[in-house]
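Coordinate analysis (summary)
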Amino acid sequence: MTSAQVDTEKTSGGTSGQTSEEGYERGLGSRQVQMIAIGGAIGVGLFLGAGANIAKAGPSLIVMYALAGAIVFFIMRALGELLLYRPVSGSFAEYSREFLGPFFGYFTGWTYWLMWVVTGMAELTAAAIYVHYWFPGIPQWVTALVFLVILFGVNLISVKVFGELEFWFSMVKVTALIGMIVIGLGVLTFGFSAAGDTAAVSNLWAFDGFFPKGVGSSLMTLQGVMFAYLAVELVGVTAGESEDPEKTLPKAINTLPWRIALFYVGALTVILCVVKWTEFAPGVSPFVAAFAKIGIPAGAAIVNFVVLTAALSSCNSGMYSTGRMLRNLADSGEAPAAFKKLSATKTPAFGITISVLFMGIGVVLNYIVPDKAFGYVTSVATAAGIWTWLMILISHVLYRRAVVAGRLPASSFPAPGGAVCSWIAIAFLLFVTCLIAYDPDSRVCLYVMAGWAAALAAGWTILKNRTPAAPTGPDPELEKVG
């Protein structure tokens, strides 16, 4: 390294208020990272998407969430081992670049950007649907546009403002879900409310059994279930702006199992005991429907507000992560150099702006096809998310091989079972991809991804022709954080 680079390593700090080697401000404290991790596991896929999945699978959806949750934990432990080996912002692209080659880093970075752009579209659509509950006269596209502009402004201010807003968004979701579980248990135990006479644990099997539509129909919900878990990996993107990644990241990842058990499996179990599954319908939040059934004054409206914050939280996270991923790609010579620039508040403002403009396509979809907008974008987001998770897992398998061979140092946060769990998760994700291909309603996302892959391949060819010696990726030493 040059002397200037050495000086950069010496002067870059790991304490609050300082900037990392990447130029970002370390503005995310332990409190915010923990809540971002918790909030990432609670999104619109649970609050809104679960309604359609309950209609397809009945109570067996609980098992699908538990199964997918175990796989997601395998993915996050694999990511955690990589993060503590080399914590960098834009981690997924960086690990793909290191272990699979520059093209895979380029492809993963851009695909993760696509995932968050279309997820942002889904969240804006969901937010507009929730507002429609109170104000049916306001067109969906108007509401989506207003929220897009507000969150855009928040992300331009500073990472501290983003982190604080995300903290309170997540606090609302967590508090509300715990409250729902407690109230549901109260209805089951003491029989109060309008639902008290019919609420019973036997609702889980009393109406055509636990698998009322068959095991095959239950498995077909896995694609929607996996969408619900998108964003749990966001904690990896925060590595470059966390005050103490060696402590906060393992803690955030290790709490994932109880979050899944409580917020997904627990909440759905209680809801389906209180209200029989046949009363839920696609396009309606099962939580809103359950509280309407219970008859608590303003309960449905309160839950609607909660699920609105969940949608806005995820869109807020999307804007945060897309800007960072574009900057990582630019640092590696795989995106225009303009994306490298940071604003005076240490945010990748240009990358966020471009991402928000693309999220605006979701506003257009809400204007053209308001009834189908959510389904279209969630299927594409799921396909892009599966690619990202596969790259994390494959990178982890290759990293473990390098550690065993003595080529790389061991991580301080090794995944239990080594690479075995990563192989199990890879097989599961490939199985879900086959389910997507089998389903005619979601198959379109694979066509979109094929077109996306062709476009990226063409872009890579142009990139290599213009700069044959690049892209090779940034200096790993300068990318180290913490």
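The rules behind the values
Residues numbered from 1 in each chain as written. Predicted model: local features only at pLDDT ≥ 70, side-chain atom pairs only at ≥ 80, totals over all residues. Heavy atoms only, no water. Helix = DSSP H or I, 4+ residues; strand = E, 2+ residues; numbered from the N terminus. Areas by Shrake-Rupley, 256 points an atom, 1.4 Å probe, with all protein chains shown as cover. Buried < 20%, exposed > 50% of the residue type's maximum accessible area, 1.4 Å probe, protein only. Contact = heavy atoms within 4.5 Å. Phe/Tyr/Trp six-rings, centres within 6.5 Å; stacked < 30°, edge-to-face > 60°. Lys NZ or Arg CZ within 6 Å of the ring centre and 35° of its normal. Core = buried A, V, L, I, M, F, W, Y, C linked by side-chain atoms within 4.5 Å. Expected span 1.5 Å × (residues − 1). Bend = angle between axes of the 7 residues up to and from the residue. Axes fitted to C-alpha atoms, helices over the stretch in contact; angles between N-to-C directions. Parallel < 35°, antiparallel > 145°, perpendicular 65-115°, else oblique. Left-handed = near helix turned anticlockwise from the far one by under 90°. pLDDT = per-residue confidence, 0-100. Polar contact = N/O pair within 3.5 Å; in protein donor to acceptor, adjacent residues only side chain to side chain. Patch = residues over 30% accessible without salt bridge, like charges linked within 9 Å, V, L, I, M, F, W, Y side chains within 5 Å. Salt bridge = Lys/Arg side-chain N within 4 Å of Asp/Glu carboxyl O.

Right, let's get into the overall build of the protein chain. If you tally the helices and strands in the protein chain, you get 21 helices and zero strands. Looking at the protein chain as shown, the accessible area adds up to about 17,700 Å², and 69% of this sits on carbon and sulfur atoms.

Looking at the secondary structure, you find valine 201 in the loop between α9 (159–190) and α10 (215–219). A relative accessible area of 45% means that valine 201 is categorised as partly exposed. Taking the C-alpha atoms as reference, valine 201 lies 9.7 Å from lysine 276; in sequence the two are 75 residues apart. Setting aside chain neighbours within four positions, we find valine 201 in contact with Leu188 and Cys273.

Attention now goes to unusual backbone geometry. Phi angles above zero are rare outside glycine, and aspartate 208 is one such case at about 70 degrees. Of note, aspartate 208 is situated in the loop between α9 and α10. By relative accessible area, aspartate 208 is classed as exposed at 65%.

This paragraph deals with the packing of aromatic side chains. Note on aromatic pairs: each is described by the distance of the centres and the angle between the planes. Considering all chains together, one arrives at 20 aromatic pairs under this definition. Consider the rings of tyrosine 85 and tyrosine 399, whose centres lie 4.7 Å apart with planes at 35 degrees: the pair is tilted. Taken together, the residues span a long stretch of sequence, with tyrosine 85 in helix α5 (residues 61–85) and tyrosine 399 in helix α18 (residues 373–404) at a distance of 314 residues. An angle of 45 degrees between the planes, with centres 5.0 Å apart, marks the rings of tyrosine 106 and tryptophan 460 as tilted. With tyrosine 106 in helix α7 (residues 102–134) and tryptophan 460 in helix α20 (residues 444–466), this residue pair connects regions lying 354 residues apart in the sequence. Just as tyrosine 106 is buried, tryptophan 460 falls in that class too. If you follow arginine 77 out to its NZ or CZ, it ends over the ring of phenylalanine 413, 4.1 Å from the centre.

A few words now on the nonpolar core. By size, the foremost hydrophobic cluster in this structure holds 140 residues, and its most contacted members are Phe47 and Tyr65. For this core, the element with the highest residue contribution is α7, accounting for 17 residues. Once residues within four sequence positions are removed from consideration, phenylalanine 47 is found in contact with Ile42, Tyr130, Lys173, Leu177, Met180, Ser285, Pro286, Phe287, Val306, Val307 and Ala310.

For helix α14 (residues 256–274), built from 19 residues, the straight-helix expectation of 27 Å at 1.5 Å per residue is met to within 8% by its first-to-last C-alpha distance of 26 Å. Within α14, the axis deviates most sharply at glycine 266, by approximately 30 degrees.

Here helix α16 (residues 299–331) contains 33 residues, and its C-alpha end-to-end distance of 49 Å stays within 8% of the 48 Å for a straight helix at 1.5 Å per residue. Most of α16 sits out of view: 29 of its 33 residues are buried.

Relative orientation of the contacting elements α5 and helix α19 (residues 420–438) amounts to 130 degrees, with a least axis distance of 9 Å. Put simply, α5 runs oblique to α19. The two elements α5 and α19 cross, and the hand of that crossing is left-handed. Residue-level inspection shows Leu67, Ala68, Ile71, Phe74, Ile75 and Ala78 of α5 in contact with α19, the latter providing Cys421, Ser422, Ile424, Ala425, Phe428 and Leu429.

Turning to the confidence of the model for the protein chain, a few remarks are in order. Confidence in the prediction for the protein chain averages 80 pLDDT; 83% of positions are at 70 or higher. Of all helices and strands in the protein chain, the one with the weakest mean pLDDT is helix α1 (residues 3–11) (37), whereas α19 scores best (94). Here residues 1–21 is a poorly scored stretch, pLDDT under 50, and it has 35 contacts once near neighbours within four places are set aside; other chains count. Here residues 474–482 scores under 50 on pLDDT; set against residues more than four positions off or in separate chains, the count is 38 contacts.

Note on placement: asparagine 155 falls in helix α8 (residues 140–157). With a relative accessible area of 2%, asparagine 155 lands in the buried category. There is a polar contact of 3.3 Å between the side chain of asparagine 155 and the backbone nitrogen of tyrosine 320. Beyond its immediate chain neighbours, meaning those up to four positions away, asparagine 155 contacts Phe162, Asn316, Met319, Tyr320, Thr347 and Ile352.

Residues Trp141, Leu145, Val149, Val364, Tyr367 and Ile368 make up a contiguous nonpolar surface patch of about 600 Å² in total accessible area. If you list the elements that add at least two residues to the nonpolar patch, you get α8 and α17 (349–368). In this fold, valine 364 is placed in helix α17. Residue classification places valine 364 among the partly exposed residues on the basis of a relative accessible area of 44%.

On to the pattern of salt bridges, then. Within the structure shown, the criterion is met by six salt bridges. Measuring nitrogen to oxygen at the nearest pair gives 2.8 Å for the salt bridge that ties arginine 400 to glutamate 81. With arginine 400 in helix α18 and glutamate 81 in helix α5, the pair connects residues that are 319 residues apart, well separated along the chain. Exposure remark for glutamate 81: the relative accessible area of 2% places this residue in the buried category. Among the salt bridges present, the one from arginine 86 reaches glutamate 98, with a minimum N-O distance of 2.9 Å. With arginine 86 in the loop between α5 and α6 (91–100) and glutamate 98 in helix α6, the pair connects residues that are twelve residues apart, well separated along the chain. We classify arginine 86 as buried; its relative accessible area is 3%.

Before going further, it helps to spend a moment on the environment of glycine 417. Within the secondary structure layout, glycine 417 lies in the loop between α18 and α19. Distance in space between the C-alpha atoms of glycine 417 and phenylalanine 74 is 9.6 Å, their sequence separation being 343 residues.

The subject of this paragraph is the environment of alanine 290. Mapped onto the elements of the fold, alanine 290 is located in helix α15 (residues 286–294). We classify alanine 290 as buried; its relative accessible area is 1%. The spacing of alanine 290 and alanine 195 is 95 residues in sequence and 8.8 Å in space, taken between C-alpha atoms.

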